[in-house]
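Structural description and commentary
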Amino acid sequence: MRRLLPATLLVSAGAIGYELLLMRVLSIVQWHHFAYMIISLALLGYGASGTFIALFKRQLETRFEAAFATSALLFSITMVLCFALGQRVPFNALEIVWNPQQFVNLSLIYLVFFVPFFFAASCIGLVFTCRQSHISRIYFFDLLGAGLGAMLIIGTLFLLIPQNALLLLMMLPLFASMMIGVRSTARVPLISVQALWLAVLIAGIPQTQLNLRISEYKGLSQALEVIDSDVVQVSSSPLGLITVVESPTVPIRHAPGLSFNTRHIPPEQLAVFTDADGMSAITRFDGDLDALGYLGDITAALPYTLLDEPDVLVLGAGGGSDVLLALYHGANSVDAVELNPQMTELVAKTYSDFAGSVYDDPRVTLYTREARGFVARSDAQYDLIHIGLLDSFGASGAGVQTLNESYIYTVEAIREYLAHTSPGGVLAITRWLKLPPRDSLKLVSTAIAALKALGVNEPGTQLAVIRSWNTSTVLVKNGAFTPDDIASIREFARSRSFDTAWFPGIQASDTNRFNLLDDPYLYYGTTALLGEHADEFAERYKFHIEPATDNQPYYFHFFKWATLPEVIALRKVGGAALIEWGYLILIATLLQAIIAGLVLILLPLAAVERNWPAGTAPRMGAYFLLLGFAFLFIEMAFIQKFILFLSHPLYSVAVVLSGFLVFAGIGSALSERLARRLEASGRSPVAIAAAGIGLLTLLYVFLLPLLFRGFIGYSDVVKIAISITLIAPLAVGMGMPFPLGLKHVAKTAPDFVPWAWGINGFASVMSAVLATLLAIEFGFTFVIVLALLLYAIAALILRTSMRSRA
Amino acid sequence: MKLIVFILLFLSIAAHADDTDYAAERAALIEELGYYARLVGDMDGAGFSEAVLASMTSVKRHRFVPPAQVRFAYENQPLPIGHGQTISQPYIVALMTELVEPDADDVILEVGTGSGYQAAVLAELVDHVYSIEIIEPLANGAKQRLAQLGYTNITTRLGDGYYGWEDHAPFDAIVVTAAASHVPPPLIEQLKPGGRMVIPVGGRFMTQLLLLLEKTDEGEVITRQIAAVRFVPLTGAH
């Protein structure tokens with residue numbers, strides 16, 4: 001055991017580290033939506049290895065050391081191989097609407113990345129199966145490994161680029177294999193392969209084999225195709241891969257929504273890509289404001305026509321364009337908030353001269369913080385809170401962000417922003433304009449909901465909307481727009497050939513004058529959303545434009561099932577642009593999770609002897625199925641909820657995942673003691689556990705928003721500690737029902753034990769994806785309440801089963 | 001002997017395949033385009049003009065796609081051509097060509113040559129097409145391809161399309177096939193009064209809308225945003 005425990009720790013750390021690393025890598029080479037697939041894949045690995053061990057238990061037990069060392073070695077090798085292979089699968093998400101082959105490619109990615117998780121899980125499963133007498137110590141080291149692995153990869157990603165972090169990670173299972181391999185019966189072949197693998201690593205795997213193969217359709221790849229363009233700076237952290245591109249021959253000129261009437265051309269710019277997309281520009285500035293004349297001719301300049309020397313808060317300062325916009329318009333002060341320190345360093349230090357030392361301007365104060373957290377903690381009042389375009393049109397238009405949680409554009413967020421605008425101050429948000437309108441109408445409906453929640457009876461008096469051919473800017477004023485304001489808005493729009501879509505007192509004749517649409521959809525939509533039958537309108541609208549909330553923060557999700565047949569029928573005549581492929585991929589992922597779970601986990605179990613009392617299979621099958629769903633529903637909902645608090649999806653996944661693992665493990669270890677005590681007094685331990693989970697979860701549904709609001713502005717370390725404290729008691733409770741059920745099955749129907757593991761694993765694989773789908777459709781609270789219901793039914797099943805056996 | 005016969009047979013089939021004109025497939029595609037145009041009532045219900053459909057019939061799309069994509073060349077869908085670019089969906093090409101309202105004596109500027117397919121379709125209808133590409137391999141490929149196909153009224157060059165092509169300006173129409181955050185002011189300047197500019201808006205595989213920019217005789221600019229698809233976002237009356 002002296003060697004086995006640290007070896008288990010190393011494999012466990014490698015597995016969780018690899019899971020997080022893959023999420024990071026796939027966000028760079030593809031898009032964010034693969035995160036759910038990776039969680040499902042890791043669970044599939046555990047499920048399938050459970051089945052594998054159940055089938056070959058006898059053979060594996062006699063060769064335990066060799067089996068463990070081989071699995072660990074194969075884990076190490078396939079970590080690297082599958083990393084390279086998976087990226088070579090020619091999957092093009094954007095083509096999925098046209099080319100069914102892409103679904104096959106998606107399945108290939110799923111299968112390739114399943115392999116390393118299978119070997120990792122086989123190691124852990126083998127230890128649990130073959131060394132049962134030390135189970136609590138094994139559990140401890142397994143979970144400790146998971147926690148350390150999450151910390152290790154996050155820390156490593158601050159220092160190394162992902163492909164180098166991989167080389168560090170793969171050493172962990174290799175060491176584990178070496179530690180156990182020397183004791184095994186197959187030590188000679190094992191040591192040979194280990195040495196060979198080590199030699200390959202020392203000789204150096206050609207870097208080109210591990211280089212990230214970024215989709216050629218992402219912004220960075222496209223920018224680098226342009227003649228003479230080149231990467232001039234790369235920095236990597238868990239928050240993102242930042243790449244700066246210079247293009248001397250075909251200069252970058254990023255000026256979304258620039259008026260046709262302008263005589264100004266943007267000055268030279270550097271393009272900054274985060275995770276190879278979402279371009280932000282650093283604009284050359286030599287102190288001559290006249291050179292920035294184009295900034296007066298974009299829709300985002302609208303609020304400045306209403307305000308004189310305003311105090312401005314820029315959320316998502318990025319490359320500094322919106323800070324320049326404020327300075328160009330004579331802002332009195334500018335607080336610039338940017339989440340990513342690498343981005344601020346670029347503008348404030350590396351390219352400070354290029355950017356005209358804009359962050360050194362005495363009027364500008366730079367804050368490296370998360371936007372919601374900054375606003376929640378701030379006592380300041382601003383004349384203008386400005387949120388510019390934070391994403392690329394391509395990503396926005398293709399439905400690539402459907403699954404992205406965005407806590408920037410929710411009802412609660414807008415309420416918070418408005419609470420920080422001075423009387424007469426303005427919140428200004430600019431979005432890409434889609435046709436038919438989706439983003440802009442959803443923003444309008446979210447703003448209206450926020451105003452109503454603040455007690456404003458006539459939200460329309462505080463709203464103004466203008467549009468160019470590709471952007472729309474929405475203003476929400478703290479107070480009603482005055483006739484002078486309205487005159488300024490009209491003149492600003494007219495002189496730049498922008499169209500007004502809403503201001504108090506607008507007439508149909510004021511709309512659709514310069515950028516002609518078949519119908520002035522944005523005006524009609526805003527009018528309808530402000531009217532008496534707003535709900536009915538939103539329901540009838542063919543896209544989801546109901547307000548985004550912290551409970552359902554999917555601002556970029558517009559898909560409605562009812563619309564699907566129509567857009568598919570129109571696919572060949574331009575309807576493809578109306579399909580959100582991010583959503584389609586999630587559904588495809590769910591389908592392949594179901595198939596893979598059936599084939600790799602449940603089907604092989606048919607070979608296991610089935611000798612158990614009648615009624616066991618349906619009853620206990622349902623019990624473990626429900627537990628699988630319920631556990632993952634809560635875990636996934638928490639991962640998504642904690643993104644608001646921890647500021648970044650990767651932090652949230654790392655903290656919530658390892659938090660749940662560690663404390664569910666402790667709960668599992670405590671369950672036996674608890675069961676003994678409770679059973680002695682005639683109470684059902686699983687019912688107590690389910691009640692505890694129910695009580696805590698419901699408490700959290702109400703408490704979390706308040707706690708998040710109170711602590712969101714604190715440092716990451718404090719927030720992580722708070723998160724773990726919150727997760728701990730819940731996870732301890734959630735760790736109990738599974739071992740309690742397993743103990744019951746082991747006593748009454750031992751042959752059903754592998755099935756219990758398999759069914760539970762199968763449900764987990766599905767529910768990792770299903771939870772996200774349900775959250776998008778119905779919100780986190782729904783997912784959590786559903787999970788509680790499943791726990792309650794499970795508790796009832798086990799109680800009934802135990803009584804009938806008694 | 002049998003082997004030699006087999007090889008000869010194979011080579012003759014292969015040679016034949018290489019020479020395939022795909023005339024039937026092209027005709028079927030053109031019919032499909034006409035059907036869809038009538039179905040969705042684009043172009044105000046007028047469908048595509050005979051001239052545009054004739055041009056689409058004579059331009060061999062399979063010569064503009066990479067070998068692996070040839071079998072899909074006459075599907076009404078965009079196809080990858082490498083370097084993160086696509087050849088547009090034929091329906092969108094027809095729609096864009098129609099919106100340009102090409103006349104026989106027109107001189108047209110295209111920004112974003114890509115495969116050269118859109119330039120070829122336009123060249124069948126107008127006096128001359130000038131086309132600029134910013135991706136070197138694509139620019140070279142298109143230049144070679146268009147020369148091989150005998151297009152003498154298309155001139156291409158590698159370079160920045162932002163400033164148009166001043167030597168040949170002004171243009172009767174400008175087609176911008178590359179996405180941009182804004183319409184370059186120099187291009188508007190190089191458009192003749194009464195001229196039209198068409199820009200597809202959207203991702204590489206999905207054209208969301210077509211921006212039609214018209215410069216009046218007085219030099220005023222008006223745009224129309226033409227959804228590629230006739231899709232009403234509301235059901236019933238509102």
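Keep in mind that this is a model prediction, so the values were computed, not measured. Think of each chain on its own: its residues are numbered from 1, step by step along the sequence as written. Written order decides the labels, with chains lettered from A and ligands numbered from 1. Per-residue local features of the predicted model are confined to residues with pLDDT of at least 70, and side-chain atom pairs are confined, for both listing and counting, to 80 or more; whole-chain, interface and lining totals are unaffected and use all residues. Side-chain measures were taken over the full set of non-hydrogen atoms in the model, leaving aside hydrogen atoms and water.

Focus: the domain arrangement of chain A
Residue and element names in this part refer to chain A. The line we're drawing: Segment limits for the domains were obtained from an automatic or database-derived domain assignment. What makes two residues a contact is simply this: any of their non-hydrogen atoms within 4.5 Å. Buried area counts how much accessible surface, traced with a 1.4 Å probe, disappears from two parts once they are put together, with both parts' losses summed.
What the domain assignment reports for chain A is domain 1 (301-550) and domain 2 (609-806). Relative placement of domain 1 and domain 2: their C-alpha centres are 40 Å apart. Counting from both sides, the interface comprises 11 residues of domain 1 and, opposite them, 11 residues of domain 2. In total, domain 1 and domain 2 occlude about 1,100 Å² of area from one another, counting both sides; carbon and sulfur atoms represent 62% of this. When the area that domain 1 buries against domain 2 is broken down by residue, the three leading residues are Arg 377, Glu 405 and Tyr 407, summing to 43%.

Observations concerning the packing of aromatic side chains
Residue and element names in this part refer to chain A. Put simply, the rule is: To pair, rings of Phe, Tyr and Trp, with the six-membered ring standing in for Trp, must have centres within 6.5 Å; the planes then decide the type, stacked if under 30 degrees apart, edge-to-face if over 60, and tilted in the middle. Think of it this way: any DSSP run of H or I at least four residues long counts as a helix, any run of E at least two long counts as a strand, and we number them from the N terminus.
Applying the stated rule across the entire model yields 41 aromatic pairs over all chains. Residues Phe 537 and Tyr 541 carry aromatic rings whose centres are separated by 5.4 Å and whose planes lie at 40° to one another, so their mutual orientation is tilted. Where Phe 631 meets Phe 660, the ring centres are 6.0 Å apart and the plane angle is 70°; that geometry is what we call edge-to-face. Pair noted here: Phe 631 is in helix 23 (residues 616-646) and Phe 660 is in helix 24 (residues 649-680), with a separation of 29 residues, a long-range link.

Concerning the packing of helix 7 (residues 162-169) of chain A against helix 8 (residues 171-181) of chain A
Residue and element names in this part refer to chain A. Going by this rule: Lines are fitted to the C-alpha atoms to define the axes, a helix being fitted only along its stretch in contact, and any angle between axes, read from their N-to-C directions, falls within 0 to 180 degrees. Here is the rule for angles: anything less than 35 degrees is roughly parallel, anything more than 145 is roughly antiparallel, 65 through 115 is roughly perpendicular, and the remaining ranges are oblique. Following the grouping adopted for this structure description, the nonpolar residues are Ala, Val, Leu, Ile, Met, Phe, Trp, Tyr, Cys and Pro, the charged ones are Asp, Glu, Lys and Arg, and the polar ones are all others, Gly among them.
Direction vectors running N to C along helix 7 and helix 8 enclose 10°, while the axes themselves pass 5 Å from each other. Between helix 7 and helix 8, the interaxial angle falls into the category roughly parallel. Touching Leu 167, Leu 168 and Leu 169 of helix 7 are Met 171, Leu 172 and Pro 173, all from helix 8. When the residues that make up the contact of helix 7 with helix 8 are grouped by side-chain class, the tally is 6 nonpolar, no polar and no charged.

As for the sheet that holds strand 9 (residues 221-227) of chain B
Strands in a sheet are paired, the pairing made by backbone hydrogen bonds, and the direction either parallel or antiparallel. Formally: Any two strands with at least two DSSP-identified bridges between them are counted as paired.
A sheet is described by the order of its strands in space; here 8 strands give the open sequence 13(A)-9(B)-8(B)-7(B)-6(B)-3(B)-4(B)-5(B), paired in mixed fashion. Two strands in the sheet have a free side with no partner beyond their single neighbour: strand 13 (515-516) of chain A together with strand 5 (154-158) of chain B. Pairing of strand 7 (residues 191-202) of chain B with strand 8 (residues 207-215) of chain B involves 7 bridges; the strand directions are antiparallel. Pairing of Gly 202 of chain B across the sheet is with Thr 207 of chain B, part of strand 8 of chain B. Strands in contact with helix 6 (residues 136-148) of chain B are strand 4 (128-133) and strand 5 of chain B; relative to strand 5 of chain B, the strand with the most contacts, it is inclined by about 160°.

Considerations on the side chain of Thr 156 of chain A
All names here are of chain A. Selection criterion: Relative accessibility under 20% of the residue-type maximum defines a buried residue, over 50% an exposed one, and the middle range a partly exposed one, all with a 1.4 Å probe and only protein chains included.
On the secondary structure map, Thr 156 appears in helix 6 (residues 135-159). Among the residues examined, Thr 156 registers a relative accessible area of 8% and is labelled buried. Those residues in contact with Thr 156, other than ones at most four positions away along the chain, are Ala 165 and Leu 168.

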